[in-house]
Amino acid sequence: MSYLAPSKRLSSQTRLSLGSIGAQKVLSDVFADTAADAAAVGFVLAHLPREAGTVLWAQDRLSEKEAGQPYMPGIGVPQPVMRVNVSRPSDVLVAMEDALRCKAVSAVIGEIWGDPPTLDFTATKRLALRAEANGVPCWLIRRAASPNLSAARNRWRIASLPSAAHPHDAQAPGDPRWQVELFRSRAAQPGIWAVRYDRTTGRLDFSAASVDRAVDTRDGADRQRAAR
Amino acid sequence: MERTGNAPPDDLPVAMVAEGPHGPVIHDINRAAGLAGVQRGARVTDMKALLPDLRIEYADIVGDRRAMEQLMFWVRRWCPWSVQDGVDGLVLDTTGSDHLWGGEAKMLADMEAQFSMLGLTAQIALAPTWGAAWALARYGTVRSICPEGEIPQKLSALSVDALRLNNGTVTLLRRLGLKTIGALADVPRLSLTRRFVKAKLNENPVIRLDQAMGHTAEPVSSPDAAPSFRAHARLPEPIMDPTPFLPDLCADLCDQMEAQGYGCRRLLLTVYHTDGDTHRIEVAMSVHSRDPDHLLYLFRDKLEAINPGYGFDLITLDAAQTEQMEVVQAQLEGGTDEAVDLSRLTDRLTARFGTRAVTRPALRESHIPERAQNWVAALGDTLERTKTTAPDRPIRLLYTPEEVRVLYAVPKGPPVQFIWRRQTHKITRYAGPERIAPEWWHDKPGTRLRDYFKVEDHRGRRFWLYREGLHGDGRGGDPRWFVHGMFA
């Protein structure tokens, strides 16, 4: 997967509003870089609203098989979660649409594998309109998918970056860092950022990615030597 | 009270067993076991020592209670009032209804016949008072009938056990030399009253004696059966699609329930085909409801499952699991409550995708990761959230851990690289191991321990790997490695 060069026209105004793009109560697409990468899920969870209300989490069968199921002891969201696992992608869309109509739902997360024919522009438009009408943020996590035509207001592509340094243990992974690309948005200018997620405070630090993702040339041998 | 469908013959000693605080205890016994000296309430191990051939069956206490409740309504075929008496008795107030069965003796014979057709044995007695009937049914002759005014004669020969007293009082009366009811009745009333002035009802022979003799009234307060609600549409011509009739049926049913202040948690739609076939569709709700629109919505995609065949001419809609439901106004301006809204969403999703698809996490205190989280049906009652304090857990968990091939530098250390789903992941950083021992009270013997590592690969993806077992732990060959979850 190739990445766009980072936007050179990042104005300070755009950068300020970055946190609020994710907090918009609209439909957003999130494309995971690889199927087994939980960065996209982490990014969505970091944006869940703090208000009380059930989070509806719908998954199709392939997503569950390939990328696992949400694990609450690790997620630790304060809101109650209701999970819908169904076999067909169209059922995921139905469940999401039903939930978006409900006032007691604080956020809706859907996971769809691949590019099913039912997930066309009309389907996304329905979700987008309903999310805006009811004021519920709706996230569609897509894996092994191509960014087809969609009515999503924000479209993100998320990949993992090597994590930040662990404060106490040099060889342990620290706070997660993600490469976040906003490639289509109504509210903000697209761009690529390296985002650090502070797990203790639940804050996201956006900083412009200085370069395209660098390939780590080391094979980890030096760390192994250090470990010995 | 036992169904004789698969019951052993009467001459084999059988005991029903219930769990007690210190192991299983005898709940009930049959006649053969009673003759052999098995006692109710004794521990099973003791009674097995006494009688090695004793056959043990587990008692279904809740089922028995429920069956008894149904039986209480079933016996209203003989009279309009009936009530349960303890766990094993029924009291019928047959005043004025015996002539419908051709007299009291014929009524009792009919009762015994009907009970035996159900597979039940019944000890029946007829008496003017509750207490006398209780005594005669248990300690009197078969189908004994006690006419008005003959209570003292009929009861006098029976032992004081027949007075519905607790064991301590019965023992006390025996020690006083009062072994029969007649002997007790002959004692001057003043001295008896003085002796038992502060005793409670089931310890007080004076009150019990008065009740049995009819000096103190003991009326039968007969509970009503829960009302059943049913709406039906009888059609002049067979039709293929019940959809147009459903809104009226739902509205009719909800009107009926509203009139009596009830709501239901289960709905049963039955269509009767012209060729005699029937088809049923059932939907369930998470809270009681009587909102016609909501009930109608739950059937939305289910009607397609009906095979019309030659069409059907009768549609019925039954409400089940009904319960009294108060009208609650949640908000002053008449809006809907959020909790109600959520329960409706649960109902709709469950009706559409099934109970196993719509779930809610139930966290449990367990160190084994897959046991710490359990998905339970969202339709059930809300559970309390138990807060588990896990050190560092992934946000995704694979349903079944997937085995990986690893390269490691030292056998007990972290891997240097692993191959998962045909891709090579080079490990740059790791944290661990975190050792999780098997839960011996759940797992099979021989289950190996797990050493969990949080690792980061060369592209920054963070995984949760574990090694199952150790080299030379005597529980199988080389340890195997698995991927179990993914971190953000």
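For clarity, every value in this text was computed on a predicted model and none was experimentally measured.

Colleague: I would appreciate a short explanation of the sheet that holds strand S3 (residues 55-58) of chain B in the present structure.
Modeller: Note: strands within a sheet are paired through backbone hydrogen bonds, in either parallel or antiparallel orientation. Residue and element names in this part refer to chain B. The three strands are arranged S2-S1-S3 in an open sheet whose pairing can be described as mixed. Looking at the sheet topology across the chains shown, the edges are occupied by strand S2 (23-29) and S3. In this sheet, adjacent strand axes meet at a mean angle of 45° when their direction is disregarded. Direction of pairing for strand S1 (residues 14-20) relative to S2: antiparallel, over a ladder of six bridges. Along S2, the bridge assignment pairs Glu19 with Pro24.

Colleague: Would you mind going over helix H4 (residues 104-117) of chain B with me for this structure?
Modeller: Each α-helix turn comprises 3.6 residues. Residues three or four places apart therefore point the same way. Residues and elements named next belong to chain B. An ideal rise of 1.5 Å per residue puts 20 Å on 14 residues; H4 measures up with 20 Å between its terminal C-alpha atoms. Listed in full, the buried residues belonging to H4 are Met107, Leu108 and Met111. For H4, the angular spread of the buried residues around the axis is 100°, confining them to a single face. With respect to the buried face of H4, the exposed residues turned more than 90 degrees away are Lys106, Ala113, Ser116 and Met117.

Colleague: Which parts of the structure should I look at to understand the pairing of strand S5 (residues 105-113) of chain A?
Modeller: Side-chain positions along a regular strand alternate between the two faces of the sheet. All names here are of chain A. Among the nine residues of S5, nine are classified as buried, and the element is accordingly described as predominantly covered. Across six bridges, strand S2 (residues 54-60) lies against S5 in parallel orientation. Across the sheet, Val55 pairs through a bridge with Ala107, a residue of S5. The pairing of S5 with strand S6 (residues 138-143) spans six bridges and is classified as parallel. When the bridges of S6 are listed, Val108 appears paired with Cys138.

Colleague: What is the right way to look at the confidence of the model for chain B in this model?
Modeller: In regions of low pLDDT, the predicted coordinates are not meant to be interpreted in detail. For chain B, per-residue confidence averages 87 on the pLDDT scale, and residues scoring 70 or more make up 94% of the total. ipTM for the predicted complex: 0.83, alongside a pTM of 0.67.

Colleague: Any chance you could explain the environment of A:Arg83 here in plain terms?
Modeller: Inspection of the secondary structure puts A:Arg83 in strand S4 (residues 81-86). In contact with A:Arg83, other than residues within four places in its own chain, are A:Trp57, A:Pro70, B:Thr359 and B:Trp375.

Colleague: Any chance you could explain unusual backbone geometry here in plain terms?
Modeller: In terms of backbone geometry, most residues other than glycine have negative phi values and most peptide bonds are trans. In this model, B:Gly432 is joined to B:Pro433 through a cis peptide bond whose omega is 0°. The backbone of A:Ala144 shows a phi angle near 50°, a positive value even though the residue is not glycine. Tracing the sequence through the fold places A:Ala144 in the loop between S6 and strand S7 (154-161). Given 16 C-beta atoms within a 10 Å radius, A:Ala144 is considered partly exposed. Of note, B:Arg421 is a non-glycine position whose phi angle comes to about 50°, a positive value. Position of B:Arg421 among the secondary structure elements: in the loop between strand S16 (415-420) and strand S17 (423-436). By C-beta crowding, B:Arg421 is classed as exposed, having 12 other C-beta atoms within 10 Å.

What counts, and at which threshold
- Residues numbered from 1 in each chain as written.
- Chains lettered and ligands numbered in written order.
- Predicted model: local features only at pLDDT ≥ 70, side-chain atom pairs only at ≥ 80, totals over all residues.
- Pairing = 2+ DSSP bridges.
- Helix = DSSP H or I, 4+ residues; strand = E, 2+ residues; numbered from the N terminus.
- Axes fitted to C-alpha atoms, helices over the stretch in contact; angles between N-to-C directions.
- Expected span 1.5 Å × (residues − 1).
- Buried ≥ 20, exposed ≤ 12 C-beta atoms within 10 Å, placed from the backbone.
- Arc of directions from axis to C-beta.
- pLDDT = per-residue confidence, 0-100.
- Contact = placed C-beta atoms within 7 Å.

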